[in-house]
Structure formats: structure tokens, C-alpha cells
Amino acid sequence: MKKHIIDLRITFADRLHPRYVLIKGTPADGSRLPEMLPGQFAQLKVEGSPETYLRRPISIHDVTSDTVTSTNKGEEVSFLIALAGKGTRQLATLKVGDTLNCIIPLGRGFSMPTTDAPRILLCGGGVGIAPLLLMGRRMKEAGFEPTFLLGGRSAGDILRLSEYEALGKVYVTTEDGSMGEQGFVTQHSLWDNAAFDRIAVCGPMPMMKAVARLAKEKAIDCEVSLENLMACGIGACLCCVEDTKEKGHVCVCKEGPVFNINELKWQI
Amino acid sequence: MADLRTNIAGLQMQNPVMTASGTFGYGIEYADLVDIEKIGGIIVKGTTLQPRQGNAYPRMAETPHGMLNCVGLQNKGVDYFCKNIYPQIKDIDTNMIVNVSGNTPEDYAECAARVNELEKIPAIELNISCPNVKHGGMAFGTTCEGAASVVSAVRKVYDKTLIVKLSPNVTSVSDIALAVQDAGADAVSLINTLMGMAIDAERRKRVLSIGTGGMSGPAVKPVALRMVYEVAHAVKVPVIGLGGISCATDAIEFLLAGASAVQIGTHNFVDPAITVKVAQGINEYLDRHGFASVADIVGTVE
């Protein structure tokens, strides 16, 4: 897929929670957004941040478009960003009308369901729920019913719940029990009768490995979205490598970020 | 419109701006984002005789105004390059230059000899300065004898433009530069990355998989400028300056210090179109100051 460098004009910016911000933008020059696939990401430029230097890789949370007209009116790409460090905290200061430069879309996303394998569980932990919204939207548009399993430390970490509920059935776990079932996503009761063709997972590494282990036990196909530290985001610097069974070290930014767990050398 | 054409020991370039090895892939990765044929020269990823898996993850750490990396020369080997990558890049209408590395002088020479056969590769850059490999690399670039041994071995089998990339991790970079000049280098490029370290205080661990890495980015520019100035005043061969260039003014500073051309590395990650912007900015500077060509300002700093 062709990569683009785009200046987005920020159309929406809201601190949903002390640790998360939701940003939406539309091409500043009035052009259309490029085609983007669920699970792909963007490299966001961080302006005015003296202590950071590199772009920040952020997954594409959602894409909305006005399908009625052929203009870009109403076309927005959304990023749900966890405030993890100085760069993301700087991104959280963006206001409506500001410009955000991004390289988009990047990487390989989640596999879409097929009529032979239609049932996909979209399992997210913390800010890892972000790319699953676009995945759910694309599934629904293609006539498939997504099921979400969203986990967080507490109710405040389960962001934008109504958006997910509008697309499919949503199950929730929180570590403190303030929403949904108490515990980790792997402890949810839905696993007792899990009948899925694939699980698509995005979240912290221990959580993804736990879900991958469960998927393996239950012989369910499983894809995970990795977030290895990266610099370029387009397969040039070779910093973000993951070790794979067939190809050795591959760039997460280019060959991933989504991998089938069978490709990886994970000890699970 | 000033004359941006630059000649580095027979290597003809439309402008003096090149990409630094390891920061621009094989050029094709960036083709969607910048008109790569407008870049003076593209130095592709470090290539070795045998395939290398490189170091384990994590390989990078961001630092104030820069980054550390310890990639460790991951590449699929020179035979793979010749067979699979060269056909994809040979018709790109700019100078495609191969960065060559190795464990022994014989490795370097064998790798260079294979690249010598490739018609559309007009030059190589010898990497005797990689800080991220156990054998070879910087081990050669930190002594005059080691550096000369590699350059002499390669010079015997390589008859096109031979650039040697120098390490800043030495006491006297000029001495190394003179040694490689005497051994037959056509040009030198500097600086490669500065050895550094990142520590995660909370986890009480070194961040990078091998503990240390090479530092690059705007933070290293003053060190690079000083070294380019020193070397340009010591050697007769052309000098290619790099280290932390992130705008046209940075590049012009290197030209004034004595570099005949520049390379841009880490900043490609931040702005994939930076090379073309810097070439335009150099042109504007020359026009504004009434200089006819790049050569008119090289080494003219007072």
C-alpha cells in the first residue's frame, strides 16, 4: 500500500482520562484520506518537544468517512493515545485547529474474517483496544459480527465503550472489578464456551502472551499486534525487529505489527 | 540557480546531499515519500560477505535530540544483494552506493570485489567504524594499521570510487584519515556513530541488548563538525560530512567546515523528504550569498 506524508488538521482532541487522549484529524489540504486497514499504524511527528526527537508510532483507532459525497467532508482518522512518556504527553497537548504531520498508513494489519472463518474475537488490553475499533467497523461493514473482549485496570481504562457496543457484543474485565468481570481478559467466563475461528489481540506483552497461550490450548488461530520500539516505521532502520521461525529477524513496522503467533518464536 | 553539481573523486552527483547508510534502506522503502532520484547519492544498508542476523532486540533508545542503535549490520549478504536487491535498484536514476563491512580485510575485499562487478554501483563506502559488532567494524577503524590494512586489501580489487567511513571513537581522527588516504582511499566520510549507553533506572538495566550502541541525531552535530573540520584540514582527498544534519543550515555548516558533500542519516526517520529539502536550501543559500556553486563555499569558514 502506498505510504503518504500528510498534514492533518486536528478536528477533535479530548483527554478522555488522565492517561489517555483521543485525537481526530482530517487532511489539512482538503484531500481524501488514503485507504487504511485495521491494525495498521501511523508515525506521528511530535512538534515542540525539546527532549524527544523521533516520531511516535500510533495505531489507527478509527476512520470515519462521509460516503454520500465524494469530498473529504467528514473524513477523519482517529488516534487513541496512552500518555506513556514525553512524546505522547506532547501529542496530548494538540488542540483543535493544530496541525499534526503523519506518515500513514504503515505496516500489515489484522486478517479479515472469511465466510469459512467468520467468528473473530477482538481482544484488547489497556490502550491496546485502540485498533480493534476500526477492525470491528470493517468486520461489520463486511457483514461479520465482531465480538470484543476488553480489559483494563479499572473502569476508567475501558474507553469509548459505546463505540464498541455499536458494532458488536462487548465483554469487559477489570483488575479491580469496577466494570465487567474481575480479573484479566484470560479469566473471563466467555472462554468456557469459546467458539471462535481466530483471536485478534492487542495489548501489553504479558497479556498478549497469556491470550496466545490460551488460544494455543484451545487450538484457536491467533494474531497479535506488537509494539516493539521503532525509529523509522518503514523498514529502513531495522531497530524494531522480532525473531521469527522462518525469516529470522524481521521489522515489526513492515512485516507486522500484526503477526500470527505461529510465525513468532515466542515461548508460550 | 546555483550549480549544485558535486564531484567526489570521480563520483558525479547532481547535488551534494546523500543518505547515510542504515538510515534509508535500499532507497525503495522511501520511494512513496520522497523523489529519491533528486537525492545526490543513496548509500544503502551495510552489506557483508555472509548474511548476518544482527543483534537481539531491543536495538534502539531515544535520547535527547538523538538516538542510540545497536542493529549490528543485519543484512542478507552480498550474494543476496547482487541477485535480489541490485535488480530492483539499478535503474534508480541517482548514485546507488553500497556500504561494505566485514570481519577481516579478506572479507571486505571479497565483498567489494563482488560489488565491483555491478555496473550501476559507481562507488562503495567501507564501514570500518561500526560500533555494534564484536569482530571487524570499529576494531579496524580505531587504529591506523587496522584501517590501512582493510583499505589496502580492498583497493587491490576495487577500481571505482572508494569512500572510507571513519569512526569518531578515536583519539585522533585525522591520523586515521591520513592512514586510509595513504592506503588508497578516494574519499573519507565521517562521522559514524558515537559509542553510548542508555540505562533504565527503574529496571536497573541497560536498555540496549548488547549494552552499548551508536549515538546519532542532532545532539552529535558539534562533535561531527569539529572532526570534519580537522580532517578536511589534514587530508587531500574529498571529505563527506555527516552527523546530526537536520536542516539545510546544518549541511551548509559542514560544507563550510570543509566537507565537499554531506550525508543525512537519522533525520530521514523524522522527515523522509529532508534530503531534497536540504538540497533546495543549499541552493537558496548560495543564491542569497552570490556564490555560483557548492565548491565555492567548501572549507571557507574563517
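Being a predicted model, the structure only gives us computed values, none of them experimental.

**Q** Account for the pairing of strand E5 (residues 60-63) of chain B, with residues named and values stated.
**A** Residues and elements named next belong to chain B. Across four bridges, E5 lies against strand E6 (residues 66-69) in antiparallel orientation. Paired with Thr63 across the bridge in E6 is Gly66. With antiparallel pairing between neighbouring strands as the criterion, E5 and E6 make up a hairpin whose turn holds two residues, including His65 at a positive phi of roughly 55 degrees.

**Q** Explain the interface of chain B and chain A to me, using residue names and the numbers behind them.
**A** Facing 33 residues of chain B, the contacting portion of chain A comprises 32 residues. Across the chain B-chain A interface, the total number found is one salt bridge. Notably, a salt bridge pairs B:Glu62 with A:Arg56, separated by 2.6 Å at the nearest N-O pair. The interface formed by chain B and chain A contains 13 residue pairs in polar contact (both at pLDDT 80 or more). Mapped onto the side of chain B that touches chain A, the elements with two or more residues apiece are E5, E6 and helix H8 (267-270) of chain B.

**Q** Break down the packing of helix H7 (residues 248-257) of chain B against helix H9 (residues 274-289) of chain B for me, with residues and values.
**A** All names here are of chain B. Running from amino to carboxyl end, H7 crosses H9 at an angle of 65 degrees, the nearest separation of the two axes being 8 Å. Handedness of the H7/H9 crossing: right-handed. Between H7 and H9, the residues in contact are Ala248, Ala251, Ile252, Leu255 and Leu256 and Val278, Gly281, Ile282 and Tyr285, respectively. Looking at the contact of H7 with H9 residue by residue, the class counts come to eight nonpolar, one polar and no charged.

**Q** I'd like a rundown of helix H2 (residues 130-141) of chain A, residues and numbers included.
**A** Two residues of an α-helix separated by three or four positions point the same way, owing to the 3.6 residues in each turn. Burial analysis of H2(A) places nine of its 12 residues in the buried class, which makes it a mostly covered element. Looking one or two residues beyond H2(A), the residue adopting positive phi is A:Gly143, at roughly 90 degrees.

**Q** Account for the pairing of strand E1 (residues 4-17) of chain A, naming residues and giving values.
**A** Residue and element names in this part refer to chain A. Of the pairings in the sheet, the one linking E1 to strand E7 (residues 99-106) comprises six bridges and is antiparallel in character. Its bridge partner lying in E7, Arg9 is registered against Thr99. With seven bridges connecting them, E1 and strand E2 (residues 20-27) associate as antiparallel partners. Residue pairing across strands places His17 opposite Tyr20, the latter belonging to E2. Adjacent in sequence and paired antiparallel, E1 and E2 are bridged by two residues.

**Q** How would you summarise the nonpolar core if you had to cite specific residues and measurements?
**A** Core analysis: the largest hydrophobic core is formed by 126 residues, its most contacted members being A:Ile199, B:Phe81, B:Ile124, B:Leu126, B:Leu166, B:Leu190 and B:Ile282. Inspection of this core shows a minimum of three residues originating in each of domain 1 (4-106) and domain 2 (120-225) of chain A. Those residues in contact with B:Ile124 that sit more than four places away from it in its chain are B:Ile97, B:Val98, B:Val100, B:Ala112, B:Val115, B:Val154, B:Tyr158, B:Thr161, B:Leu162 and B:Ile163. With 24 residues, the next largest nonpolar core counts A:Val46, A:Val63, A:Ala92 and A:Cys102 among its residues.

**Q** Let's hear about the domain arrangement of chain A: which residues, and what values?
**A** How big an interface is tends to be expressed through the accessible area that disappears when the partners come together. All names here are of chain A. Segmenting chain A into domains produces domain 1 (4-106) and domain 2 (120-225). The C-alpha-based centres of domain 1 and domain 2 are spaced at 23 Å. Contacts between domain 1 and domain 2 engage 18 residues on the former and 16 residues on the latter. Buried area between domain 1 and domain 2, summed over both chains or domains, comes out near 1,500 Å², and the portion from carbon and sulfur atoms is 61%. Taken as a group, Tyr20, Pro38 and His61 account for 35% of the area that domain 1 buries against domain 2, more than any other trio of residues on that side. For Asp62, the salt bridge goes to Arg137, with nearest N and O atoms at 2.7 Å. Linking domain 1 to domain 2 there are six residue pairs in polar contact (both at pLDDT 80 or more).

So, how was this worked out
Residues numbered from 1 in each chain as written. Chains lettered and ligands numbered in written order. Predicted model: local features only at pLDDT ≥ 70, side-chain atom pairs only at ≥ 80, totals over all residues. Heavy atoms only, no water. Pairing = 2+ DSSP bridges. Helix = DSSP H or I, 4+ residues; strand = E, 2+ residues; numbered from the N terminus. Contact = heavy atoms within 4.5 Å. Salt bridge = Lys/Arg side-chain N within 4 Å of Asp/Glu carboxyl O. Polar contact = N/O pair within 3.5 Å; in protein donor to acceptor, adjacent residues only side chain to side chain. Axes fitted to C-alpha atoms, helices over the stretch in contact; angles between N-to-C directions. Left-handed = near helix turned anticlockwise from the far one by under 90°. Nonpolar A, V, L, I, M, F, W, Y, C, P; charged D, E, K, R; others polar. Buried < 20%, exposed > 50% of the residue type's maximum accessible area, 1.4 Å probe, protein only. Core = buried A, V, L, I, M, F, W, Y, C linked by side-chain atoms within 4.5 Å. Domains from an automatic or database assignment. Buried area = accessible area lost by both parts, 1.4 Å probe.

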